[in-house]
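Given next are the chains, with one letter for each unit.
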Amino acid sequence: MNNIVYLLVQLLVILLVAPFVNGLIKKVKALSQKRKGASVFQMYFDLYKLVKKKTVVSNVSSWIFHVTPYIVFATAMAAALLVPVSTKILPPQIPGDFIMVVSILALGRFFLMIAALDTASTFGGMGSSREAMISALIEPSILISMFTVALISRSTSLPQIMETVQKVGIPLAHPVYIMVGLALLIIILAETCRIPVDDPATHLELTMVHEAMILEYSGRHLALLEYGAAVKQLVFMTLFVNILIPQDQLIGVIGLGALILSLLIYLLKVILLALVMGIIEVNTVKLKLFSIPNLAALSFILAFLGVLQFLILGGKHV
Amino acid sequence: MEQYLRNLFLMSVLLYVLGAAASALIYFFKKPYKTSMTGSVMVNAVCIVASGLGGAASAAKILLAVNSLKLINLSSTIPFISLEMNLDNLSAYFVLALSVLVFCVSLYSIGYLSHYNGKRNIGLFNLLYTLFILAMIGVLTSANTVCFYIFWEAMSLLSYFLVVFESEKEENTKAGTVYIVMTHIATALLLIGFIIIYSYTKSFALSANTAAIPGMAKNIVFILFLIGFGTKAGIIPLHIWLPHAHPAAPSNVSALMSGIMIKTAIYGLVRFVLCYLGVQNTWWGVVILILGILSAVLGVAYTSMEHNVKRLLAFCSVENIGIILIGLGVSFIAFALHHQIIGSLALTAALLHTFNHTLFKGGLFLGAGAIQYATHTKNIEDLGGLIKTMPLTALFFLCFSLAISAIVPFNGFISEWLTYQSLFASILPGHIGLNFLAVLAAAALALTGAMAAAAFVKLFGISFLGLPRSEQAAKAQDVPATMMIGMGILAALCLGIGLFPLTMIKLLDKVVFSVGGGSISGQLRGGFLLAYYPLTISVNSISPLTFMLALGVIILLAFIVIRIVGGKYIERRYGTWDCGFEALNSRTQYSATGFSKPIKIVFRALFRPIRKTIVEGDSQYHPEAIIYSTTVTSIFEDYLYEPVYRALLRFSRRTKFRVQTGSIHNYLFYIFALVLLLMLYNRFA
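Residues numbered from 1 in each chain as written. Chains lettered and ligands numbered in written order. Predicted model: local features only at pLDDT ≥ 70, side-chain atom pairs only at ≥ 80, totals over all residues.

## Re the overall build of chain A
How we decide: In this description a helix means any DSSP run of H or I spanning at least four residues, a strand means any run of E spanning at least two, and both kinds are numbered starting from the N terminus. With the radius of gyration taken over C-alpha atoms, the globule rule is written as 2.2 Å times the number of residues to the power 0.38. In this scheme the burial state of a residue depends on its C-beta neighbours within 10 Å: 20 or more other such atoms mean buried, 12 or fewer mean exposed, and anything in between means partly exposed; the C-beta positions come from the backbone.
Scanning chain A from N- to C-terminus turns up eleven helices and one strand. Tracing chain A from N to C terminus, the helices and strands come up as α-α-β-α-α-α-α-α-α-α-α-α. Computed over C-alpha atoms, the radius of gyration of chain A comes to 19 Å, within 12% of the 20 Å expected from 2.2 N^0.38 for 318 residues, which places it in the range of a compact globule. In terms of overall dimensions, chain A has C-alpha extents of about 55 × 45 × 40 Å along its principal axes. Going through the 318 residues of chain A one by one, you find that 63% of them count as buried.

## A short note on the overall build of chain B
Secondary structure summary: chain B contains 25 helices and seven strands in total. Taken over the C-alpha trace, chain B has a radius of gyration of 27 Å; the compact-globule value for 685 residues is 26 Å, and the two agree within 12%.

## Brief notes about the nonpolar core
Heads up, the condition is: Note on definitions: a nonpolar core is a set of buried residues drawn from Ala, Val, Leu, Ile, Met, Phe, Trp, Tyr and Cys, linked by C-beta atoms within 7 Å. What counts as a contact here is a pair of residues whose C-beta atoms, placed from the backbone, lie within 7 Å.
Membership of the largest hydrophobic core comes to 359 residues, with the highest contact counts inside it found for A:Val21, B:Phe132, B:Met136, B:Ala442 and B:Cys494. Sequence-distant contacts of B:Phe132, that is, excluding residues within four places in its chain, are made with B:Met155, B:Leu158, B:Ser159, B:Leu162 and B:Leu256.

## Concerning the UniProt feature "domain: NADH:quinone oxidoreductase/Mrp antiporter transmembrane" (unreviewed entry) in chain B
We apply this condition: UniProt positions are given in the numbering used here, feature names are shortened, and annotations may be inferred rather than shown by experiment.
Under the UniProt annotation, the feature "domain: NADH:quinone oxidoreductase/Mrp antiporter transmembrane" (unreviewed entry) is placed at residues 143-426 of chain B. Span residues 143-426 of chain B is 79% helix and 0% strand, its end C-alpha atoms 33 Å apart.

## What about the interface of chain A and chain B?
For clarity, the cut-off: All residues other than Ala, Val, Leu, Ile, Met, Phe, Trp, Tyr, Cys, Pro, Asp, Glu, Lys and Arg, Gly among them, are scored as polar; the first ten of these are nonpolar and the last four charged. Should DSSP find at least two bridges between two strands, the strands are regarded as paired.
Facing the 69 residues of chain A at the interface are 68 residues of chain B. Among the secondary structure elements, those contributing two or more residues to the side of chain A that touches chain B are helix 2 (42-52), strand 1 (55-58), helix 3 (63-81), helix 4 (98-118), helix 5 (122-153), helix 9 (219-244) and helix 11 (292-312) of chain A. Of the residues belonging to the side of chain A that touches chain B, the class tally is 39 nonpolar, 21 polar and nine charged. Pairing of strand 1 of chain A with strand 5 (residues 571-574) of chain B, which is carried by four bridges, proceeds in the parallel orientation.

## Observations concerning the pairing of strand 2 (residues 82-87) of chain B
Residues and elements named next belong to chain B. Strand direction decides the pairing type here: strand 1 (residues 69-75) and strand 2, joined by six bridges, are antiparallel. Paired with Asn 73 across the two strands is Glu 84, which belongs to strand 2. Adjacent in sequence and paired antiparallel, strand 1 and strand 2 are bridged by six residues, among which Phe 80 carries a positive phi angle near 70°.

## Things to note about the packing of helix 4 of chain A against helix 5 of chain A
Residues and elements named next belong to chain A. Which entries qualify depends on this criterion: Under this scheme, a helix contributes an axis fitted over its contacting stretch, all axes are lines through C-alpha atoms, and angles between N-to-C directions fall in the 0 to 180 degree range. For classification purposes, angles smaller than 35 degrees are called roughly parallel, those larger than 145 roughly antiparallel, those between 65 and 115 roughly perpendicular, and all remaining angles oblique.
One way to put it is that helix 4 packs onto helix 5 with a least axis distance of 10 Å and a crossing angle of 175°. Considered as vectors, helix 4 and helix 5 are oriented roughly antiparallel to each other. On helix 5, the residues touching Phe 98, Val 102, Arg 109, Met 113, Ala 116 and Leu 117 of helix 4 are Gly 124, Gly 125, Gly 127, Ser 128, Glu 131, Ala 132, Ser 135, Ile 142, Leu 143, Met 146 and Ala 150. Residue classes in the contact of helix 4 with helix 5 are distributed as ten nonpolar, five polar and two charged.

## Notes on the UniProt feature "transmembrane region" (unreviewed entry) in chain A
Per the UniProt record, the feature "transmembrane region" (unreviewed entry) sits at residues 6-25, 63-86, 98-120, 132-152, 172-190, 222-245, 251-280 and 292-312 of chain A. As a span, residues 98-120 of chain A carries 91% helix and 0% strand, and end to end its C-alpha atoms are 34 Å apart.

## Quick look at helix 4 (residues 122-141) of chain B
The α-helix advances 3.6 residues per turn, and as a result positions three or four apart in sequence lie on the same side. Definition in use: What a helix is expected to span follows from its residue count: subtract one and scale by 1.5 Å.
Relative to the 28 Å expected for 20 residues at 1.5 Å per residue, helix 4 of chain B spans 29 Å between its end C-alpha atoms, a close match to the ideal helical length. Judged by how many residues are buried, helix 4 of chain B sits mostly within the fold: 19 of 20 residues are covered.

## Side note on the environment of B:Ser634
All names here are of chain B. Mapped onto the fold, Ser 634 is located in the loop between strand 7 (625-631) and helix 24 (635-658). Take Ser 634: there are 17 C-beta atoms within 10 Å of it, and that puts it in the partly exposed class. When the C-alpha atoms of Ser 634 and Arg 608 are compared, they prove to be 8.3 Å apart, with 26 residues separating the residues in sequence.

Here is the structure:
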């Protein structure tokens, strides 16, 4: 029973909220430019429109090109199922930990990168090559920051980590979590292809990473890829908010009411983080490609400082 | 029962011997090519049956028999030399890996060897091939160090002959020379180690009690073994022979060499250091762990720079040996600190990765061989679009690429997950330095995984996707069915172990228990072949099978929903977007060099790239042709081996005139001086 409720909650929350987050960030950008901007629900309409459209497929491409959108979307969703949005409803055992989440997302990324090479387009190759570099540089940082919080709870499983964090009080007041939080923030920006790493709004040669990889896609394929990217973004945001700003300890009882309350607070936290991300995006400039390693190194150093502090503090529960 | 298994195993060995004898006959009688082709098929068929029997016997041994099987015990009148062969769990596990690989490679060879038709004596090849397999079985089952040494040397020499099999190419003989020099230095060190042990225990048997050896001597022996086995395994900085030898050898041999021969070094480290000497100091494990981190990171860095398929795979072997050593290092540390469970977990991770690497690296080399068979090139810059002409090879290659990049649901992920878990478990309060190292190792593992993925996106994407970059690539045809089946079985095993990890881990648990005395079976949960099939270490669990099911369901749902909302799928085939220039061709695609350029720039301190641009034409503003080439400096060859090599050369040149003068008087004096010295030594010592 718990399993089914958990699955439904995860699926519904992630699927419904993910496009909204994108809309919200775009709204922040529009407002900062003194524009009215599109509705925060614009992405839902875009997805609907794309699904209705005919699909153009390059005549160079192979079956890789056709399966990739489905795999990218499904891997993002499968990863989302392993990152609980609320700890008020949890199955007895989750069939995967954060290492698995990283690996699942890597499956999607692998296919996205080869699909970009499949059409023999230079743009695709360029995006793919840059994505390969960025993902390689950011991966150690993801692992180490998650490793740190995992060490504190002595488990790599995400529900366990989230439940341990709830006992900390205010994690963001703790040095280990501050470091991990900053590292995770940079990771979110890099993984979701936002400024300063990439620019989701354009596909000019200078900025293109993600947009260049999906340049050849259209119609329902593009819809799936866009949706998949939004889901992946929400997965990372969920990790951030549920580990660094836990809420479920405030709600005592277990039950439907507590679940709904917990989900509402979750939504609030995601909106807050989206606003912060929007503000960061407005206030930074796109880094040149070969400055990204510095950003990745900064993120890694922050994560590593976090784990060092944990070790020096005696390796006990924080 | 044990008698039965022993006979089964001996039968498999006998079949290999028969195969070797048959090949020898074909070789010496130089039959016309048609007969020798039939003979080659027969020999490979014999190898397939033999490996099937050997694999079955080894698996059955691990699962059913408790005591080790005494296979052969022949003593001779020559002192110290006796042929003793035992099959215990550890040996059986490696023989199992060997057998699985030989099974697939022999199948593959039936088709692959046809390109030697009429050009070369296949009998000789098959003779070396079967003897090479026999030598490896000998290495894995020897029960005394003399035996081990003889088989080890035989294995090295036979693989050398196989590396230089296509000896008409100069680069192959050069590669062979590098290989044989490196491997002999290693063997010499091993021999010294064996002799030191003998001087204390007075026995060559592997069952001898090594408690009598003083600590200092044990340390020395450990270092000798580490360098000796490390050279065979290809640990950085002893790896330089790998990228030379693997491309030179025929692909089925590279599959065996990279798939299992370098793993005999891992076997050696476990057998001689862990079982025989016993891990005595924590620093042994620390050294192995650091070397593992170095090999993994530098190995993968060089992997991403290579454009020769087989050199790329060779560097990738260095990387994977690094990952295995990370597991092994953690297990040595844990055993030295008497944490049996953590040690067993780490050893399980290392040995599972050894097996997995045998599967996917063997498969990748077979795939590289298939590419070479179809296009006659190893350079990926000349490939492209092969997925259309070689669909099945492409599919298998994709499976191996995903497996080696540690991506779910393939087997590479399982062993890397176990390695992460063992690193995670090894972080205990009180050992700041070790903890620090474990975190670094985890970071290195993450970097390695992502960079391996980048390298294999390049390898797969550039060679199989897009437009063909040369005429050979455009004309490629898919390879014979036997080659395909050989690769297919390996790919299926990669997926199978990935989806049902517990089958393999439960088998491995018995091996680890007999080696380290600890077992992780108490921490393993989950049943055999159940739908929900988690692999659980303490409280952490993964279930690749559930993931696959979820993936399938989500894809299906997405498909149905889109179908309902968007209606029928209407596709329009059109050219790739070319910005309106209408000039897209195979030359405007991204090249492998271009693909890896960002990584090259980021790590330029390591690669020290050398760029050459030659502009042809009257003015540099109106060039007629631009020749651009870029190479990566191999810092180990240039800064470590080159000075040593030069110094040796200088030294021998000098001694040529001063010591080895050619004058008989001088030589007589040397002999006299030596005899005098020996007499004095005997008098006073």
